[in-house]
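These are the residues of each chain, in order.
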Amino acid sequence: MTSIPSDRAEPGVYEVRDVTRIFGHGDRRVEGVAGVSLTVHSGERYGVVGESGSGKSTLIRMLAALDRPSSGRIEFQGRSIGELPDARLGFLRSAVQLVFQDPRSSLNPRMKVADIVTEPLRSRLLRGRTDVPTDRSRRLAEVLDAVGLPASAARRYPHEFSGGQRQRIAIARALAPNPQVLIADEPVSALDVSVRAQVLNLLNDLVRDAQLTLIFVSHDLTVVRHICDTVAVMQAGRIVESGPTAQVYARPQADYTRRLLASIPTLPS
Amino acid sequence: MSTTALTGAPLLAVRDLSVAFDRGRRRVLHQVSFDIAPGQRLGLIGESGSGKSLTALAVMGLLPDSAEVTGSVRWRGAELLGQGERALARLRGSELAMIFQEPMTALDPTMKVGRQVAEVRRLHRSAEPGRVRPLVLAMLSSVGLPDPVRIADSFPHQLSGGQRQRVVTAMALVNSPDLLICDEPTTALDVTVQARVLALIDQALTREQAACLFISHDLAVVAQVCSNVLVMLDGRVVDGGPVDRLFRAPEHPYTAGLVATARLDLVEPGSRLPVIGDFYASGAAGPQ
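Definitions and cut-offs
- Residues numbered from 1 in each chain as written.
- Chains lettered and ligands numbered in written order.
- Predicted model: local features only at pLDDT ≥ 70, side-chain atom pairs only at ≥ 80, totals over all residues.
- Heavy atoms only, no water.
- Helix = DSSP H or I, 4+ residues; strand = E, 2+ residues; numbered from the N terminus.
- Rg over C-alpha atoms; globule rule 2.2 N^0.38 Å.
- Buried < 20%, exposed > 50% of the residue type's maximum accessible area, 1.4 Å probe, protein only.
- Contact = heavy atoms within 4.5 Å.
- Areas by Shrake-Rupley, 256 points an atom, 1.4 Å probe, with all protein chains shown as cover.
- Pairing = 2+ DSSP bridges.
- Axes fitted to C-alpha atoms, helices over the stretch in contact; angles between N-to-C directions.
- Parallel < 35°, antiparallel > 145°, perpendicular 65-115°, else oblique.
- Left-handed = near helix turned anticlockwise from the far one by under 90°.
- Core = buried A, V, L, I, M, F, W, Y, C linked by side-chain atoms within 4.5 Å.
- Expected span 1.5 Å × (residues − 1).
- Polar contact = N/O pair within 3.5 Å; in protein donor to acceptor, adjacent residues only side chain to side chain.
- Salt bridge = Lys/Arg side-chain N within 4 Å of Asp/Glu carboxyl O.
- Phe/Tyr/Trp six-rings, centres within 6.5 Å; stacked < 30°, edge-to-face > 60°.

A. A look at the overall build of chain B. If you tally the helices and strands in chain B, you get eleven helices and ten strands. Rg of the C-alpha trace for chain B: 20 Å, near the compact-globule value of 19 Å for 288 residues, within the 12% margin. Counting only C-alpha atoms and orienting by the principal axes, one finds that chain B spans roughly 60 × 45 × 40 Å. In chain B, which comprises 288 residues, the share counted as buried stands at 53%. Put simply, of all contacts in chain B between residues at least 6 apart along the chain, 66% involve residues at least 24 apart. Carbon and sulfur atoms make up 51% of the accessible area of chain B, which amounts to about 12,500 Å² in all.

B. The environment of Gly 148 of chain A, seen in detail. Residue and element names in this part refer to chain A. With respect to the element layout, Gly 148 can be found in the loop between α5 (136-146) and α6 (163-175). Using a relative accessible area of 35% as the deciding quantity, one classes Gly 148 as partly exposed. Residues Gly 148 and Ala 172, spaced 24 residues apart in sequence, show a C-alpha to C-alpha distance of 9.4 Å.

C. A look at helix α11 (residues 253-262) of chain B. In terms of burial, α11 of chain B is a largely internal element, eight of the ten residues being buried. Inspection of α11 of chain B places Tyr 254, Thr 255, Ala 256, Gly 257, Leu 258, Val 259, Ala 260 and Thr 261 of chain B among the buried residues, and these make up the whole buried set. Those residues of α11 of chain B hidden inside the fold are in contact with α7 (193-209) of chain A together with β3 (41-45), α9 (219-225), β9 (228-233), β10 (236-242) and α10 (243-248) of chain B.

D. Local environment of the sheet that holds β3 of chain B. Residues and elements named next belong to chain B. Strand order in the open sheet formed by six strands is β6-β7-β8-β3-β9-β10, with mixed pairing between adjacent strands. What marks the edges here is a single partner per strand, and that holds for β6 (96-99) and β10. For this sheet the average axis-to-axis angle between neighbouring strands, irrespective of direction, equals 15 degrees. Sheet topology note: the strand β7 (residues 179-183)/strand β8 (residues 211-215) ladder contains five bridges and is parallel. Bridging across to β8, Cys 182 finds its partner in Phe 214. Lying on the sheet, helix α1 (residues 52-60) is in contact with β3, β6, β7, β8 and β9; it crosses β6 at an angle near 150 degrees. Running over the sheet, α11 touches β3, β9 and β10 and is turned about 105 degrees from β9.

E. Summary view of the sheet that holds strand β2 (residues 30-40) of chain A. Residues and elements named next belong to chain A. In space, the four strands of this open sheet follow the order β2-β1-β4-β5, with antiparallel pairing throughout. Edge positions in the sheet fall to β2 and β5 (79-80), since each of these pairs with one other strand and no more. Of the pairings in the sheet, the one linking strand β1 (residues 14-23) to strand β4 (residues 71-76) comprises five bridges and is antiparallel in character. Among the inter-strand pairings, Glu 15 is bridged to a residue of β4, identified as Glu 75.

F. View of the side chain of Thr 58 of chain A. With respect to the helices and strands, the residue Thr 58 of chain A is situated in helix α1 (residues 56-63). Judged by its relative accessible area of 16%, Thr 58 of chain A falls in the buried class.

G. Structural detail: the packing of helix α4 (residues 113-124) of chain B against helix α7 (residues 161-173) of chain B. Residue and element names in this part refer to chain B. Put simply, α4 and α7 touch, their axes get as near as 8 Å, and they point 20 degrees apart. When the axis of α4 is compared with that of α7, the two are roughly parallel. In the crossing of α4 with α7, the sense of the turn from one axis to the other is right-handed. Where α4 abuts α7, its residues Val 113, Gln 116, Val 117 and Val 120 lie against Val 167, Ala 170 and Met 171.

H. Geometry of the nonpolar core. With 58 residues, the main nonpolar core has Val 117, Leu 144, Val 147, Ile 169, Ile 171 and Phe 216 of chain A as its most contacted residues. It is α7 of chain A that provides the largest number of residues to this core, a total of eight residues. Not counting chain neighbours up to four residues away, the residues in contact with Leu 144 of chain A comprise Val 113, Val 117, Leu 149, Pro 150, Ala 151, Ala 154 and Ala 172 of chain A. One finds Val 120, Met 139, Val 167 and Phe 247 of chain B within the second-largest nonpolar core, a separate group that totals 57 residues.

I. Looking closely at α7 of chain B. Residues and elements named next belong to chain B. The first and last C-alpha atoms of α7 sit 18 Å apart over 13 residues, in line with the 18 Å expected at 1.5 Å per residue. Among the 13 residues in α7, twelve count as buried, and that is most of the element. Listed as buried for α7 are Gly 162, Gln 163, Arg 164, Gln 165, Arg 166, Val 167, Val 168, Thr 169, Ala 170, Met 171, Ala 172 and Leu 173.

J. Spotlight on the side chain of Arg 93 of chain A. Residue and element names in this part refer to chain A. Within the secondary structure, Arg 93 is located in helix α2 (residues 90-95). From its side chain, Arg 93 meets the backbone oxygen of Ala 64 in a polar contact 2.7 Å long. Apart from the residues lying within four places of it in its own chain, the contact partners of Arg 93 are Ala 64, Ala 65, Leu 66, Asp 86, Leu 125 and Leu 126.

K. Molecular detail of the pattern of salt bridges. Taken as a whole and judged by the stated rule, the model has 27 salt bridges over all chains. In this structure, Arg 207 of chain B and Glu 208 of chain B form a salt bridge, with 3.7 Å as the shortest nitrogen-oxygen distance. Relative accessible area serves as the criterion here: at 25%, Glu 208 of chain B is assigned to the partly exposed category. Linking Asp 278 of chain B and Arg 272 of chain B is a salt bridge whose minimum nitrogen-to-oxygen distance equals 3.2 Å. Through salt bridges with shared partners, a single ionic network connects Arg 68, Asp 86 and Arg 93 of chain A.

L. Up close: the packing of aromatic side chains. Within the structure shown, the criterion is met by three aromatic pairs over all chains. A ring pair is formed by Tyr 14 of chain A and Phe 76 of chain A, whose centres lie 5.0 Å apart and whose planes are at 55 degrees; its orientation type is tilted. Here Tyr 14 of chain A, found in strand β1, pairs with Phe 76 of chain A, found in strand β4; they are 62 residues apart in sequence, far enough to count as distant. Here the two residues Tyr 14 of chain A and Phe 76 of chain A agree in accessibility, since each one is buried. Seen from their ring centres, Tyr 254 of chain B and Tyr 280 of chain B are 5.4 Å apart, and the 75 degrees between their planes marks the pair as edge-to-face. Linking Tyr 254 of chain B in helix α11 with Tyr 280 of chain B in the segment after α11, this pair joins segments that are 26 residues apart in sequence. Its relative accessible area of 2% is what places Tyr 254 of chain B among the buried residues. Tyr 280 of chain B sits in the partly exposed class, given a relative accessible area of 24%. One aromatic cluster is present, formed by Tyr 14, Phe 76 and Phe 91 of chain A through successive ring pairs.

If you want it as structure tokens, here you go:
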């Protein structure tokens, strides 16, 4: 694993400054994300850990511009994205791709795998961008191969595949437009342990080979420790601790991180 | 495979339990056998589709009529298979109780949870006028719900996932069952909430001296609650034994694979994780 000094001067792929996202108003006003700042560097594997309601999904939805901050600033490669209209987010949509927890609900059951995987390449926002592959059938073959699926998978429907294979399809679709950043939201949480290991190995290889920046969201600190070199621990919308994963894991500073680590059930050793 | 660890007659004796659907054409459970002694805690591990939940549902007589169930399920020596729904319903919720993964499926969304716990008590005990409410509140408090009066007067949707799972645990324990079947009781919960619910189940089992059949895909969770464990694969029990031996020094290659994939903590970060295929060649080839 490459170690990335946190104090280096060059700007990050993502610069997030004091971002807050408020839902509802009056009595029902909730700060989903409250005053979060972070920097994700190019090539970094950045883990976001937290339990349900910690704000981790809201945070990455804003990083992907699927949601907008109520206040604060999010820069992607030096461009502020918080207030840009969708029509002007083409550069972000091609450079940043997402993989979600449950491939059953994120893959359209009526589309063949070939159409699912190449859908981002046909998107109006992405078409014509120089960084997006134009030869769709060639790119389809490349990414299916990269995720370890046979070429024949292209002609089949999602329901014909197991959970782990469906997650491979979702990863293939995310890779199709040749992104620089992969955001994975609990990508292995719905999978059996044996399949989880396969998908984590795949993600590890892909991120290394394609030199991707990875933002990996999980409730599972052990998985994040394995995949990520930097981790931010979120609780109630705030980052309570962040730093190199090995350090946070071995010497947690925040009470909440310690409690989280102590709660992980362990096998007898 | 017998896993009777304690002396005396087993509470539950399962022999050659098989389940088939589609008029016998699709066999999904193959000759599963095990014993549970009074107070014993048996874990059932395996991947999704291995037959863990099916085994529990077959024991409880909760499979649909389209299922062909053969073999034998004896409760204190009496055969349960083929018993009518009325006889089984008398057992379920009193001597035999069950906690499922998703508490909302076990709770009635239109009824306050205190009344639901009380109803389980009243169904199985003759009228205890005026005495049920204090018992329900004591039960809710014993599963770690801090404000039992407020919880009892809440509807399920007003509670968090962890609170609901505790209410369901209270419902399962209100009649002091002799056997508690838990099917992935903490899988939907956050890790800190899971730790609390597991500790509660552990305490409750100890207090009531109840036996437990604990189903989970998470080996570490099973290791926290159970003394013995069975490993299921493709509808069969392929391995079994004391938790310590099975998880420390697994002999069966499939168990060795399961344990290796669960031990993320032993792998150098960033390096390749072991997969079951490294240990055990299954029938299905290729990546899963």
